[in-house]
Amino acid sequence: MQNLVEDFLQYMRHERGQAEHTQKTYSLLLGKFVAWAAAQGLKDWRAVELRHLIAFLEHERMRPLATAPDNPARKLSTESVYLEIAALRAFYTFCENERLLPANLAENLSLPRRWKRLPKALTDAEIKKLLAPMPQETPAILCDTAVLEVAYASGLRLAELRNLRLEQLHPEAGFLNVVGKGNKERIVPLGRKAVDALQRYLEAGRPKLVTPRSPAAVFLTRRGTPFAPVTLWSRIKKRVKLAGIGRNVTPHMLRHSTGFYLANQGQDTRAIQGYMGHANIKNTTLYTELSSKRYEKFWKD
């Protein structure tokens, strides 16, 4: 069963050009099903029936969270169940199209409603704290400042920030080219503050981080290497702490902050969709459907 999963992941990687994070997520989720199926005595995908898929999802939904073993009442979220079903549906669609399985059982699985809780973002006051000038300007601090300014100005995903290359920058013209999910390219404008922070880093910070082996990645670690996801986010979290922001900040909160800001400025939904790189406009309407009076409340809840 795992071999067929590997074929699917190869297809995602080389033909669909799916983001690395999506590949890893689907690999983990499908691996869970394969392990569960083995425990049920299922050794071949052809032996799997719809009732098995439903039983697996019920098992996952009722399983206590690994992060909260002492609280059995905490179950898998709707968002996590959504991802489980999405992974199974994508896998079965691939197998059906490639004639590897006789039927697409997962097409009968209904996706639960997403975003029962509205996405959280930073308040205007928190953004001002986070982007406030630092007393020192070491190469690493200049890098962190540029990352934060570009992230807030552009709404880039964490992976898009990490993978940003020098040839994608056009600071004189005030924009950058972004290669997002599915290798889709979009042009994203940058504000003056972001451009200034980026140029300051490129002129005074990055040259001191570069080594003979450094790639053309824009943002580099102190060793001159590209950031790993965890490393980049830990650097951002340090700045969050230094800014005196007490609540937990997640990678997507900066991105959501940009989406809410654009919506509050009266930007058209389609324009925000292109700006943020949303494949589905439903993700964009989460920002535009909230009035400026309401979203400040939801940020803090």
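Anything mentioned here points back to the structure above.
Q: What is the right way to read the overall build of the protein from this model?
A: Counting its regular elements, the protein contains 13 helices and 3 strands. A separation of at least 24 residues holds for 60% of the contacts in the protein among residues at least 6 apart in sequence. Approximately 16,800 Å² of the protein is accessible, and the part contributed by carbon and sulfur atoms is 52%.

Q: Just checking my understanding: could you explain the sheet that holds strand β2 (residues 175-179) for this structure?
A: Hydrogen bonds along the backbone pair up the strands of a sheet, which may run parallel or antiparallel. Taken in spatial order, the 3 strands make up an open sheet running β1-β2-β3, and their pairing is antiparallel. Every interior strand has two partners, whereas the edge strands, β1 (169-170) and β3 (185-189), have only one. Relative to β2, β1 runs antiparallel, the two being bridged by 2 bridges. The partner of His170 across the bridge, within β2, is Phe175.

Q: I would appreciate a short explanation of the nonpolar core in the present structure.
A: Counting 50 residues, the largest nonpolar core has Leu176, Tyr201 and Phe219 as its most contacted members. For this core, the secondary-structure elements that each account for two or more residues are α5 (124-130), α6 (139-154), α7 (158-162), β2, α8 (192-209), α9 (229-242), α10 (251-264) and α11 (269-276). The element best represented in this core is α6, accounting for 9 residues. Ignoring anything within four residues of it in the chain, the contact list for Leu176 reads Val150, Leu156, Leu164, Gln168, Leu169, His170, Arg186, Ile187, Val188 and Leu190.

Q: It is not clear to me how the packing of aromatic side chains should be interpreted in this structure. Could you clarify?
A: We describe a pair of aromatic rings using the distance from one ring centre to the other and the angle between the two ring planes. If you walk through the whole model with that rule in mind, you get 13 aromatic pairs. Relative to Tyr92, the ring of Trp45 lies with its centre 5.8 Å away and its plane at 85°, an arrangement referred to as edge-to-face. With a gap of 47 residues between them, Trp45 in the loop between α2 (20-39) and α3 (50-62) and Tyr92 in helix α4 (residues 78-97) connect regions that are remote in the sequence. As far as burial versus exposure is concerned, Trp45 and Tyr92 are alike and both buried. Seen from their ring centres, Phe91 and Tyr92 are 5.6 Å apart, and the 85° between their planes marks the pair as edge-to-face. With a relative accessible area of 0%, Phe91 lands in the buried category. Of the residues examined, Tyr92 reaches a relative accessible area of 1% and is grouped as buried. By the ring-pair criterion, three or more aromatic residues cluster together here, those being Phe8, Tyr11, Tyr26, Phe33, Trp36, Trp45, Phe56, Phe91, Tyr92 and Phe94.

Q: Would you take a moment to explain α8 for this structure?
A: Working note: α-helix, 3.6 residues per turn, so residues spaced by three or four point in the same direction. If you check α8, its first and last C-alpha atoms are 24 Å apart, about what 18 residues at 1.5 Å a residue would give, namely 26 Å. Of all bends in α8, the biggest is about 45°, found at Leu202. All of the buried residues in α8 are Ala194, Val195, Ala197, Leu198, Tyr201, Ala204, Gly205, Arg206 and Leu209. Elements in contact with the buried residues of α8: α6 and β1.

Conventions used here
- Residues numbered from 1 in each chain as written.
- Predicted model: local features only at pLDDT ≥ 70, side-chain atom pairs only at ≥ 80, totals over all residues.
- Heavy atoms only, no water.
- Helix = DSSP H or I, 4+ residues; strand = E, 2+ residues; numbered from the N terminus.
- Contact = heavy atoms within 4.5 Å.
- Areas by Shrake-Rupley, 256 points an atom, 1.4 Å probe, with all protein chains shown as cover.
- Pairing = 2+ DSSP bridges.
- Core = buried A, V, L, I, M, F, W, Y, C linked by side-chain atoms within 4.5 Å.
- Buried < 20%, exposed > 50% of the residue type's maximum accessible area, 1.4 Å probe, protein only.
- Phe/Tyr/Trp six-rings, centres within 6.5 Å; stacked < 30°, edge-to-face > 60°.
- Expected span 1.5 Å × (residues − 1).
- Bend = angle between axes of the 7 residues up to and from the residue.

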